[in-house]
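Tertiary structure, described
Listed here are the chains, written in short residue letters.
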Amino acid sequence: MAKNPKIQKEIIICLFLFFCLFSCFLLAQDTRTADNETNPLYEAQDEVLYKGPIHDFFARIDERKDYRYLLAFIFPLFLIMAVLPFLPAILELVRKKDDQPLYVNMDYSKDPRYFDHSFRDKLLANVKNVDQDRAFRVTLSKNEEVVEVCNAANVDDYKFGKNVLFLEGNADITTNMKFLKEVYVTCTTKLHENTILRGILSENDLKIAPHSTIVRWAGSEANIFVGYDCNLGVRCSCEKELWIDLDCQFKSLYGHPIFTHYDENAVLMKINEDQKDEIESEKDSFITKETNLTRIEFDESSDPLARQNIGEEEKEDELRTISDSCIVVRKGESTIPLNSKIDKDIIIKTDAFINRGTLIHGTIKCYGTLEMDDNVTVEGNIFAEKSIKIGANCRIWGDVFSQGSVYIGANTEIGSAGKDKSVIGKHKIRLCRNVKIHGYLLTEGGGKTVMSIGSIGKKEEKEDE
Amino acid sequence: MGMVILVSILRAYILVMAAILFTYTVRHFIFSINRSVGEQKLYYQDILDSDLPYVTVIVPMHNEELVAEHSMENIANTNYPKDRLEIIPIEDHSEDATLSILEQYSEKYDNIHPYVRDTGARGKPVGMNEVMEFAHGDIIIVFDADYLPPKGIIRDIAISFLDPEVGAVMGRVIPSNVSSNLLTKLLDIERTGGYQIDQQARYNLNLVPQYGGTVGGFRRQVALDLGGFNPSIITEDTELTFKLYQQGWKVVYANRAECYEEAPETWHVRSRQVTRWARGHCQVFFKAFFGMIKSNYLKPIEKIDGILLLSIYFIPLIMLVGLFVSLALFFLGKMNLFTSVFIFILVASYSSFGNAAPFFQMGSGILLDGGHMRARLLPMLLFSFTFYLWFISKGAFLAIIDTIFKRVPEWQKTQRFRKK
Amino acid sequence: MLDYIDLYMKTLVSIWLLIPWVLLTAFLPLPAKFWNKLIFILLADLYGIIFGCIRYIVYIFIFREFSYIFMAPVFFMLVPFFDFVFVVAFYSVFVSNLALKLKKDDSKWGWLY
């Protein structure tokens, strides 16, 4: 096909005209080859033709002698119907309404604080255009918005405001305030109870009181402290520490670190509300750990007693290596014994249970549900095709990535200071108290801070599936 | 009696062909359903990790003066940490200004070290084998010279190697020159069906996504342990895919790791390209078929999908033979209803081979991509169907001859069309 | 000729019966209302029936007026092969219309990443 679309168009038109002319030429033919030629095959077929209903049909037409006029209508209709399926394609080739390549953002770069940074950059770039009404315009999310500049002390006047707010100074937003648009604060921000905000960025600390709702995102260039029973929207991120209380909901968090710190009053309230259900469903030892609030620090030089090497107990046909640094465990529900020490990556093709005290110098990949008891240390990443449950007092130095849900027990630490690591659970994430995550947390379903996680029962596995 | 046997054989051939085509159609239908309404598996791009692996980016080049500057500019401006990245463009027996362009970039950027090959056999597998011996990266990422990688793509590809089972990663290829002519538009639709639906569904279902040799990466040491790339096979990417699976590694597909490529703009260039792909892929079939069946690392469903993937470039040849068989039955007067309906089913698959896909798979892909009017070009796939029927069959036939007579095909490069 | 006509008619009728199934499975992954899909399937089948009858008359005319040598190419290129063109055309128009409609509704794309 020619490169030039104009030439391409002309070729198509020429072909179409050729077909029309050819069909007219056929109709103009006034000969029947069977009349002029002696064709034994044709004669033989004639014998067949001149029998039965087909013979009668053509005989009637021959009598009328006007079948060519019928074909003068049928033939063009045939051509039209033959070409018609191509017509939408030809029109699209000509009009080119959708001929651009799929858009790829060439400058896209993974940034957990994208909302905050792009919002601030746009505001600061346009604040110099403020008019006499102390307002300026900026384009956010493809819509042009009016940004009102005001003193943070007067923020209460802007309840239910339809404009984006640019607050100068420390903002102390009183209870039951609702802001339909985003808010930017140049200093510290304090939200009181039952505040509803679409989005907020604070240049300094951001304190969110209990029962508040962030519809889209919240960000701070310093610390964020979140009270209990808050909804943190799509993303909550900060440059320093992000503290979250009990019963908070989230989808994405970023902080150095993210720390689930529960207020004692909230804990007591929760225990009173759910006491009966929790006592029936939880293990006693687990509840004891929750209330003791002790944190076990990992000591790299420690050498737990009676360490065993995995692999010695497995049968040869259940074990297969893919490299020198990796072992593969296949059959049955795999249980790593108490106080084991493994110095390789481990791939487990089924559900797995890692007993307490185990130390793994490597990465774990599990094709089923991975459940880790308390006091397990993994100096690597954890991947699972289903859910991951990490017990209490565990130490994970790498990322946690699950196609199912992630449950993290009390006093567990993930990552290390100065580095970013991630916890990603497709379905949901549940964090207990005193969980510390250095970096990023993301779920498509919903994340929540809870009192305890118990064991992953069949019911929860089905929910995950 | 002889006629009866002949007719029986011919009809049996038609029957087997109908069954094979039906299998492929069902397979592609499952992929379409899974991608459209099934649960999608997360890819690793959302993982934020400070400890990124050391990466070597390789860009094989032979007479690429039209495109070298664009690809090098994009790769050099990546956001991947410079202290964890080295870029090695392979200048392979070029006769144009490719080398001078690479030297300019080498002077401008510290981590770009061109590797010049002007002796020895020419070809991508040979060049990559030599570079892998001295490359520092744990991970090798390969881009073709005409590709335009976005800033974040190296990180998006490299991050998946945190999973210890991942041996290779494949990103998504998007033609940039869609608006050129009918051929590029059809190729864009085919790519959409092949990547957005086919590859992603195979990743979702834990089957066998394919490493495509461009916009992708693999573990350097694993590739070396597997013997590197075979210079006699012209689709080294397919060979690596099946070697990895046979040894228990996995290939993952990264739908969001999108990269622009330049699609062929003439039917002649496309014919050479697709014949080469078919020939190489079918060569791998002969080498990897029994390995896939015997491998202890693969589940039965993975083996089935792997074999279907291996065989896919033989289907046009078998369809072409099937058409002749139907003709023979027609002239023998033995053509029955089933045979004629088979032709309908045969065409119903409509480009369901190679990286292309049946029309319903492409339609679903166009919908997911947000395309609209380009879906109306689907009937034009009739032309590429007949085109592929011939040229892919030719490639498959050549692969059979190569295997029987142990010939080594000559490496060919795809012509570029970008304006200077 | 009778055998040919017999084969042709049976093939056509079988294709008319198959078209709804082909289109039904092709439409299955698409997020559209069932009635819209049904209307398109019926239109495609109706088109197939009308086109099949018109083709039949034209082909019989060609064989009768010119030569029966055209039987094989007409059957292999212009019977089942040709049917698929308009089936795909109907599908493509449906998809493009659906895409234009979905373009206005961002919520449909919520699960994609």
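Note that the coordinates shown come from a computational prediction; the quantities given were computed from them, not determined experimentally. (Residues numbered from 1 in each chain as written. Chains lettered and ligands numbered in written order. Predicted model: local features only at pLDDT ≥ 70, side-chain atom pairs only at ≥ 80, totals over all residues. Heavy atoms only, no water.)

1. Observations regarding the overall build of chain B
From N to C terminus, chain B includes 14 helices and seven strands. Over its C-alpha trace chain B gives a radius of gyration of 22 Å, about what one expects of a compact globule, namely 22 Å for 420 residues. With the principal axes as the frame, chain B shows a C-alpha extent of 75 × 45 × 45 Å. Taken across its 420 residues, chain B has 68% of its residues classed as buried. (Helix = DSSP H or I, 4+ residues; strand = E, 2+ residues; numbered from the N terminus. Rg over C-alpha atoms; globule rule 2.2 N^0.38 Å. Buried < 20%, exposed > 50% of the residue type's maximum accessible area, 1.4 Å probe, protein only.)

2. Overview of the overall build of chain A
Along its length, chain A carries 10 helices and 32 strands. Of the roughly 22,900 Å² that chain A leaves accessible, carbon and sulfur atoms contribute 52%. (Areas by Shrake-Rupley, 256 points an atom, 1.4 Å probe, with all protein chains shown as cover.)

3. Quick look at the packing of helix α11 (residues 315-331) of chain B against helix α14 (residues 381-405) of chain B
What describes two packed helices is the angle between their axes and the distance between those same axes. Residue and element names in this part refer to chain B. Two elements in contact, α11 and α14, have axes whose closest approach is 7 Å; the angle formed by their N-to-C orientations is 110°. By the angle between their directions, the pair α11 and α14 is classed as roughly perpendicular. Taken together, the residues of α14 that come into contact with α11 (itself represented by Pro316, Leu317, Met319, Leu320 and Leu323) are Phe385, Tyr388, Leu389, Trp390, Ile392, Ser393, Ala396, Phe397 and Ile400. Looking at the contact of α11 with α14, its residues break down into 13 nonpolar, one polar and no charged. (Axes fitted to C-alpha atoms, helices over the stretch in contact; angles between N-to-C directions. Parallel < 35°, antiparallel > 145°, perpendicular 65-115°, else oblique. Contact = heavy atoms within 4.5 Å. Nonpolar A, V, L, I, M, F, W, Y, C, P; charged D, E, K, R; others polar.)

4. Re the pattern of salt bridges
Residues and elements named next belong to chain A. Following the criterion strictly, the structure yields 38 salt bridges over all chains and no others. A salt bridge links Glu203 to Arg120; the nearest nitrogen and oxygen atoms lie 3.6 Å apart. Of the two residues, Glu203 is situated in the loop between β7 (196-202) and β8 (206-208) and Arg120 in helix α7 (residues 114-126); the sequence distance between them amounts to 83 residues. What makes Glu203 partly exposed here is its relative accessible area of 22%. What you see here is one network of salt bridges that share partners, running through Arg113, Asp116, Arg120, Glu203, Glu221 and Glu239. (Salt bridge = Lys/Arg side-chain N within 4 Å of Asp/Glu carboxyl O.)

5. Some thoughts on the interface of chain B and chain A
Across the boundary between the two partners, chain B contributes 61 residues, which contact 56 residues of chain A. Here chain B and chain A share 10 salt bridges between them. One salt bridge in this structure joins Asp46 of chain B and Lys110 of chain A, with 3.0 Å as the shortest N-O distance. Between the two partners, chain B and chain A, sit 24 residue pairs in polar contact (both at pLDDT 80 or more). Of all elements in the fold, only β5 (166-175), α6 (182-204), β7 (250-261) and α14 of chain B reach the threshold of two or more residues within the side of chain B that touches chain A. In terms of residue count, β7 of chain B provides more of the side of chain B that touches chain A than any other element does, four residues in total. The residue makeup of the side of chain B that touches chain A, split by class, is 26 nonpolar, 17 polar and 18 charged. (Polar contact = N/O pair within 3.5 Å; in protein donor to acceptor, adjacent residues only side chain to side chain.)

6. Concerning the sheet that holds strand β1 (residues 55-61) of chain B
All names here are of chain B. With mixed pairing, the seven strands of this open sheet are ordered in space as β3-β2-β1-β4-β6-β5-β7. The sheet is open, and its two borders are formed by β3 (115-117) and β7, each paired with just one other strand. Within this sheet the neighbouring strands show an average axis-to-axis angle of 20°, counted without direction. Where helix α2 (residues 68-76) meets the sheet, its contacts fall on β1 and β2 (85-92), and the angle it forms with β1 comes to roughly 175°. Across the face of the sheet, helix α4 (residues 124-134) comes into contact with β1, β2, β3, β4 (139-142) and β6 (216-219) while running at roughly 140° to β3. (Pairing = 2+ DSSP bridges.)

7. Focus: the interface of chain C and chain B
Each partner contributes residues to the interface: chain C has 41 residues there, and chain B has 44 residues. Together chain C and chain B conceal approximately 3,600 Å² of surface at their shared face, both sides included; 83% is due to carbon and sulfur atoms. Our count for the contact surface shared by chain C and chain B stands at zero salt bridges. Our count for the contact surface shared by chain C and chain B stands at four residue pairs in polar contact (both at pLDDT 80 or more). (Buried area = accessible area lost by both parts, 1.4 Å probe.)

8. Considering the nonpolar core
Membership of the largest hydrophobic core comes to 185 residues, with the highest contact counts inside it found for Tyr44, Val55, Val57, Ile154 and Phe218 of chain B together with Tyr91 of chain C. Broken down by element, this core gets its largest block of residues, 14 residues, from helix α4 (residues 80-103) of chain C. Once residues within four sequence positions are removed from consideration, Val55 of chain B is found in contact with Tyr80, Arg84, Leu85, Glu86, Gly137, Ile139, Ile141, Ile154 and Ala158 of chain B. (Core = buried A, V, L, I, M, F, W, Y, C linked by side-chain atoms within 4.5 Å.)

9. Side note on the packing of helix α1 (residues 2-27) of chain C against helix α3 (residues 71-78) of chain C
All names here are of chain C. Where α1 contacts α3, the two axes come as close as 12 Å, and the packing angle between them is 5°. The orientation of α1 relative to α3 falls into the category roughly parallel. Judged by residue contacts, Tyr4, Leu7, Tyr8 and Thr11 of α1 engage Met71, Val74 and Phe75 from α3. Classifying every residue of the contact of α1 with α3 gives six nonpolar, one polar and no charged.

10. A word on unusual backbone geometry
Residues His256 of chain A and Pro257 of chain A are joined by a peptide bond in cis, for which omega reads -5°. Tracing the backbone shows Pro257 of chain A in strand β13 (residues 249-260). Here Asn206 of chain B, not a glycine, exhibits a phi torsion of approximately 55°, which is positive. Relative to the elements of secondary structure, Asn206 of chain B occurs in the loop between α6 and β6. Taking relative accessible area as the criterion, Asn206 of chain B reaches 25% and is therefore assigned partly exposed.

11. Quick notes on the side chain of Thr238 of chain B
Position of Thr238 of chain B among the secondary structure elements: in helix α8 (residues 236-246). In contact with Thr238 of chain B, other than residues within four places in its own chain, are Gln210, Tyr211, His281 and Val284 of chain B.

12. Re the confidence of the model for chain B
All names here are of chain B. In the predicted model, chain B carries a mean pLDDT of 89, and 93% of its residues have values of at least 70. Here helix α12 (residues 337-349) stands out as the element of chain B with the lowest mean pLDDT, 61, in contrast to β4, whose mean of 97 is the highest. When the criterion is pLDDT under 50, residues 350-355 qualifies, and its contacts beyond four places in sequence or with other chains add up to 34 contacts. If you check the scores for this complex, the pTM reads 0.84 and the ipTM reads 0.90. (pLDDT = per-residue confidence, 0-100.)

13. Focus on the confidence of the model for chain A
In this model, chain A carries a mean pLDDT of 77, and residues with pLDDT of at least 70 account for 70%. Segment residues 282-319 of chain A is flagged for pLDDT under 50; beyond a separation of four residues in sequence, or across chains, it makes 66 contacts in the model.

14. Details of a nonpolar patch on the surface
Together, Ile80, Leu84, Leu87 and Leu91 of chain A give the surface a local cluster of nonpolar side chains, amounting to about 320 Å² of exposed area. Assignment of secondary structure puts Leu87 of chain A in helix α6 (residues 87-95). (Patch = residues over 30% accessible without salt bridge, like charges linked within 9 Å, V, L, I, M, F, W, Y side chains within 5 Å.)

15. Comments concerning the pairing of strand β9 (residues 213-220) of chain A
Residue and element names in this part refer to chain A. Pairing between β7 and β9: six bridges, direction parallel. Each residue of the ladder has a partner; that of Ile196, found in β9, is Thr213. Pairing analysis gives four bridges linking β9 to strand β11 (residues 235-238), with the strands arranged parallel. Residue pairing in the sheet places Ser220 in a bridge with Cys238 of β11.

16. What about α7 of chain A?
All names here are of chain A. Compared with an ideal rise of 1.5 Å per residue, which puts 13 residues at 18 Å, α7 spans 18 Å between its outermost C-alpha atoms and is within 8% of the ideal. Turning to α7, its buried residues are Asp116, Phe119, Arg120 and Leu123. Angularly, the buried residues of α7 cover 95° about the axis, an arc narrow enough to put them on a single face. (Expected span 1.5 Å × (residues − 1). Arc of directions from axis to C-beta.)

17. A look at the packing of aromatic side chains
We describe a pair of aromatic rings using the distance from one ring centre to the other and the angle between the two ring planes. All names here are of chain B. With the rule as written, the count across this model stands at 44 aromatic pairs over all chains. Geometrically, the ring pair formed by Trp267 and Phe387 is edge-to-face, given 4.9 Å between the ring centres and 70° between the ring planes. Of this pair, Trp267 sits in helix α9 (residues 267-294) while Phe387 sits in helix α14, and the two are 120 residues apart along the sequence. Each member of the pair, Trp267 as well as Phe387, is classed as buried. (Phe/Tyr/Trp six-rings, centres within 6.5 Å; stacked < 30°, edge-to-face > 60°.)

18. Structural notes on the pairing of β6 of chain B
All names here are of chain B. Alternating positions in β6 separate into two faces, Gly216 and Phe218 on one and Gly217 and Arg219 on the other, with burial throughout. Across four bridges, the pairing between β4 and β6 is antiparallel. Of the residues in β6, the one forming a bridge with Ile141 is Gly217. With three bridges connecting them, β5 and β6 associate as antiparallel partners.

19. Overview of the environment of Phe397 of chain B
Residues and elements named next belong to chain B. Within the element layout of this structure, Phe397 appears in helix α14. For Phe397, a relative accessible area of 47% gives the class partly exposed. Considering only alpha carbons, one finds Phe397 and Leu317, 80 residues apart in sequence, at a separation of 7.5 Å.

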